[in-house]
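# What the coordinates show
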Amino acid sequence: MAISVVLADDEPIILKGLTKLIPWDQHGMEIAGYAYDGKELFEAIETYKPDVVISDINMPYFSGIDIIREIKRRQLPIKVVFISAYQEFAYARDAVAYGAVDYLVKPVKKTELEAVIKKTLGQISEENEEGRIRDKLNLLERKNRDDEVGGWLAQLAEGTFSEQSEGYPYLLEKLDDSLYTIGILGIDPLGNDSERWPAQTQKLVEFAIHNIVQESLGLYGKGYSFIQNGAHIFVLNHTSEDVPLRLADAIRRNIADYLKLKVSVGVGEPAETLFGLKQSGDQAKRALEMTYYEGLNRVIPYRKLEQRKDSENEWFTLQSGIIKSLTGGDWSGAKASMQTLLRLIESATIGNRQLAVSTCFSSMLFIVQEVKKADVPMSDLGFDIQHLQGRLETYVTYKDLCDGIYDMLLELYNRIGDKPGIKEQTLIARIAAYIDEHYREDISLESVAGIAFMNPYYFSSFFKKHMKRNFKQYVTDLRMKQAMELLTHTDMMIYEIAEQVGYNNARHFSDMFKKQTGKLPQEYKQALRQ
């Protein structure tokens, strides 16, 4: 940005001469305005807020001394250079004593003006640098204080803070409203790619989220935010009980708008003392864990949970009904009973994800084993009981787990009553379609075996039997075929093609491509152009 200048003199010819005397733009300066007396100069200072004023020292209404005194009184960051006639030399010297950069004697010479301009710009640059250093020191001081406060609040949340702690008086002074609440936010595991971010990206995202949380806090009350064990935690000091939830939702929306990330926020109940933050923090953690039951990308206030205890008889009755419906060819009845059973399991395990997974596993294991014992024809495609619990643990929410169980139940139902050959062809077609759709991702034999509800070892031989090559080679062939298409018909870079076909490492992609085709990707591309 150019340095702005206002020129002032009661003689228009002098102003015209100053304007043309030097190339102002080559010095990084621009003339913002003119003034023809002291009164107009004050108005120009108000209007243009210049960085530099070059003015005749003796003008109507106000003298140069009046002007520089007012600039100093109002602490305006303006550099003043005076122009004086020879007989006003002593007057100009006094003005310099008041803080003017320098003075010029009429008629003004180009070399003298450029020398004064250089001196003025040097002072501006020096002061700007001092200001930057001062700002950095102030920022560092604030950061150190914020880090210190964050440490004290983390101790409060952990229950290791006491009234004898150094920061207790400071926190009492700064956080003097009646209520204290903790909120904890976590990046959702779905809808984001956070697990694959490099360390530098994770650090930048962490910094950006912290800034958004801190800025949002300032709009809703007094408070601080800090990071503990990878979780972003905020402490809000407030008077109205609804403020923490409104703040949490604002944080969630701001992160979505600015960072395109989905997060969930757990919010504890308000405490009436600083030491109540321990309980509020524990509640916020439990609330955030409820994303498994309540869903992602939302604000979840803490609520006390009670698990249903009297469900064993109903549970056994529903399982028996599911087995009866499956073996009797009644899919609608089996699914309806399973829906009721899963609602029952949710009420009995609410708040305990691991208990929900193990309970669903026990139910599915019992159902599969009883169906296999029943006197019904059933194709044996290796329904994977051994890895069933591991598969159930991969679901991020209870709703996802329920949807997965419905798929498993349907797969079990479809294996009853048909000839194995027909079933195998249908299943292998479904597997091939899934691989074709997902080969660009981090796909593995184990993950696809899970889709087919098979033991990975059984699946490997089953796949090779039908596809005439092993799983790894099949995926590699798909990726290389698509890579050759992209090399032939696009101008994409090699690393872009690697990512497009499922390789995170361009070097690994190149090695695989050469092994498959006998040429490096760049060599293949150059050969096409010859």
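Keep in mind it's a predicted model, so treat the numbers as computed, not measured. (Residues numbered from 1 in each chain as written. Predicted model: local features only at pLDDT ≥ 70, side-chain atom pairs only at ≥ 80, totals over all residues. Heavy atoms only, no water.)

Further remarks concern the overall build of the chain. Helix and strand counts for the chain come out as 22 helices and 10 strands. For the chain, whose C-alpha radius of gyration is 37 Å, the value lies well above the compact-globule estimate of 24 Å for 530 residues. When its C-alpha atoms are laid out on the principal axes, the chain stretches across 125 × 80 × 35 Å. Scored against the burial criterion, the 530 residues of the chain give a buried share of 43%. In the chain, the share of contacts with a sequence separation of at least 24, taken over all contacts with a separation of at least 6, comes to 67%. Looking at the chain as shown, the accessible area adds up to about 29,000 Å², and 50% of this sits on carbon and sulfur atoms. (Helix = DSSP H or I, 4+ residues; strand = E, 2+ residues; numbered from the N terminus. Rg over C-alpha atoms; globule rule 2.2 N^0.38 Å. Buried < 20%, exposed > 50% of the residue type's maximum accessible area, 1.4 Å probe, protein only. Contact = heavy atoms within 4.5 Å. Areas by Shrake-Rupley, 256 points an atom, 1.4 Å probe, with all protein chains shown as cover.)

Next up on the list: the environment of Ile184. The topology assignment puts Ile184 in strand E6 (residues 179-187). Looking at Ile184, the relative accessible area reads 5%, which means it is buried. Here the alpha-carbon distance between Ile184 and Ala157, two residues 27 residues apart in the chain, equals 11 Å. Setting aside its immediate chain neighbours within four residues, Ile184 contacts Ala231, His232, Ile233, Ser264, Val265, Gly266, Gly281, Ala284, Lys285 and Leu288.

Another aspect to go through is the packing of helix H12 (residues 331-349) against helix H15 (residues 398-414). Running from N to C, H12 and H15 cross one another at 150°; their axes reach a closest spacing of 11 Å. Taken together, H12 and H15 sit at an angle that is classed as roughly antiparallel. Judged by the twist between their axes, the crossing of H12 over H15 is right-handed. Here Trp331, Ala334, Lys335, Met338, Gln339, Leu342, Ile345 and Glu346 of H12 lie close against H15, whose contacting residues are Tyr398, Cys402, Ile405, Tyr406, Leu409, Leu410 and Tyr413. The class makeup of the residues in the contact of H12 with H15 is 12 nonpolar, 1 polar and 2 charged. (Axes fitted to C-alpha atoms, helices over the stretch in contact; angles between N-to-C directions. Parallel < 35°, antiparallel > 145°, perpendicular 65-115°, else oblique. Left-handed = near helix turned anticlockwise from the far one by under 90°. Nonpolar A, V, L, I, M, F, W, Y, C, P; charged D, E, K, R; others polar.)

Take the nonpolar core next. In terms of nonpolar packing, the biggest core is built from 39 residues, with Leu326, Met338, Leu342, Ile367, Leu392, Tyr398 and Leu401 touching the most fellow members. For this core, the elements supplying multiple residues, two or more each, are helix H10 (291-294), helix H11 (312-327), H12, helix H13 (353-373), helix H14 (388-393) and H15. Top element by residues in this core is H13. It accounts for 9 residues. Other than its neighbours up to four places away in sequence, Tyr398 contacts Tyr292, Tyr293, Leu342, Ile345, Glu346, Ala356 and Cys360. (Core = buried A, V, L, I, M, F, W, Y, C linked by side-chain atoms within 4.5 Å.)

We now examine the packing of aromatic side chains. Each aromatic ring pair is specified by the distance between its two centres and by the angle formed by the two planes. Across all of its chains, the model carries 16 aromatic pairs by this definition. Ring centres of Phe316 and Phe366 lie 6.4 Å apart, and the angle between their planes is 50°; on these two criteria the pair is classed as tilted. Of the two residues, Phe316 sits in helix H11 while Phe366 sits in helix H13, which places them 50 residues apart along the sequence. On the basis of relative accessibility, which here comes to 26%, the residue Phe366 falls in the partly exposed class. Here a set of aromatic residues connected by ring pairs shows up, and it is made of Phe459, Phe463, Phe471 and Tyr474. Positioned above the aromatic ring of Tyr406 is the side chain of Lys335, whose terminal nitrogen or guanidinium carbon lies 5.4 Å from the ring centre. Above the ring of Tyr503, the side-chain terminus of Arg479 is found at 5.1 Å from the ring centroid. (Phe/Tyr/Trp six-rings, centres within 6.5 Å; stacked < 30°, edge-to-face > 60°. Lys NZ or Arg CZ within 6 Å of the ring centre and 35° of its normal.)

Moving on to the environment of Thr517. You can see Thr517 is positioned in helix H21 (residues 506-517). Sequence separation between Thr517 and Leu305 is 212 residues, and the spatial gap between their C-alpha atoms is 60 Å.

Time to look at the packing of H12 against H13. It is the contact of H12 with H13, at a shortest axis distance of 9 Å, that shows an interaxial angle of 145°. As for how H12 packs across H13, the hand of that crossing is right-handed. Between H12 and H13, the contacting residues are Met338, Leu341, Leu342, Ile345, Ala348 and Thr349 on the first element and Leu355, Ala356, Thr359, Cys360, Ser363, Met364 and Ile367 on the second. Considering only residue class, the contact of H12 with H13 consists of 10 nonpolar, 3 polar and no charged.

Here we take up unusual backbone geometry. For the peptide bond that leads from Lys106 to Pro107, omega is -10°, which places it in the cis range. As for its position among the elements, Pro107 is in the loop between strand E5 (102-105) and helix H5 (110-158). The phi torsion at Tyr61 lies on the positive side, around 75°, for a residue other than glycine. Mapped onto the fold, Tyr61 is located in the loop between strand E3 (52-56) and helix H3 (64-73). Backbone geometry places Lys468, a non-glycine residue, at a positive phi of 65°. In this structure, Lys468 sits in the loop between helix H18 (456-467) and helix H19 (471-489).

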